[in-house]
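# Structural description and commentary
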Amino acid sequence: METNIRTAKKQYDLSAIGELFKDCITPEQLREELIELVFDYAQSVEDGAIDLFKSHMSTLYVLCNTLQDVKELDAQS
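Note that the structure is a prediction, hence the values are computed from the model and not measured. (Residues numbered from 1 in each chain as written. Predicted model: local features only at pLDDT ≥ 70, side-chain atom pairs only at ≥ 80, totals over all residues. Heavy atoms only, no water.)

## Describing the nonpolar core
- In this structure, F21, L34, F53, M57, L60, C64, L67 and V70 together form the largest nonpolar core, which totals 8 residues.
- Considering every element that reaches this core, the biggest residue donor is helix 3 (residues 50-76), with 6 residues.
- Excluding residues that lie within four positions of it along the chain, L34 makes contacts with L60, L63, C64 and L67. (Core = buried A, V, L, I, M, F, W, Y, C linked by side-chain atoms within 4.5 Å. Buried < 20%, exposed > 50% of the residue type's maximum accessible area, 1.4 Å probe, protein only. Helix = DSSP H or I, 4+ residues; strand = E, 2+ residues; numbered from the N terminus. Contact = heavy atoms within 4.5 Å.)

Listed below in structure tokens is the structure:
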């Protein structure tokens, strides 16, 4: 018995974020700002705030990667 399984392609409505990037800042510019923030934050972190620093850096890392994905999705459309 053979089954045909199609992988559903996910569709995302990026219109709201597209408007933000059109009116305010491009994904690439925002990504650069986030990277600059990481370096500024790393320079100002004090001993004892390492867990907070790691948490914030993790969030910024996810945002940077997501912005790269948005840029690639935008380029494909």
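Continuing now.
## Re a negative patch on the surface
- A grouping of E32, E33, E36 and D40 is seen on the molecular surface, where their side chains present a negatively charged patch.
- By the element assignment, E33 lies in helix 2 (residues 27-44). (Patch = residues over 30% accessible without salt bridge, like charges linked within 9 Å, V, L, I, M, F, W, Y side chains within 5 Å. Areas by Shrake-Rupley, 256 points an atom, 1.4 Å probe, with all protein chains shown as cover. Salt bridge = Lys/Arg side-chain N within 4 Å of Asp/Glu carboxyl O. Lys, Arg positive; Asp, Glu negative; His and termini not counted. Charge placed at Lys NZ, Arg CZ, Asp CG, Glu CD.)

## As for the environment of V38
- Examined against the element boundaries, V38 turns out to sit in helix 2.
- The class of V38 is partly exposed, set by a relative accessible area of 23%.
- Sequence-wise, V38 and L60 are 22 residues apart; in three dimensions their C-alpha atoms are separated by 7.5 Å.
- Look past the residues within four positions of V38 in its chain and what remains in contact with it is M57 and L60.

## Things to note about the environment of G18
- Structurally, the position occupied by G18 is in helix 1 (residues 15-23).
- Residues G18 and V70 lie 52 residues apart in sequence; the distance between their C-alpha atoms is 9.2 Å.

## Some remarks on the pattern of salt bridges
- With the rule as written, the count across this model stands at 1 salt bridge.
- We note a salt bridge from E19 to K22, for which the minimum N-O separation is 3.5 Å. Taken as a pair, E19 and K22 lie in helix 1 at a separation of 3 residues, close to a single helical turn.
- Judged by relative accessible area, which is 40%, E19 ranks as partly exposed.

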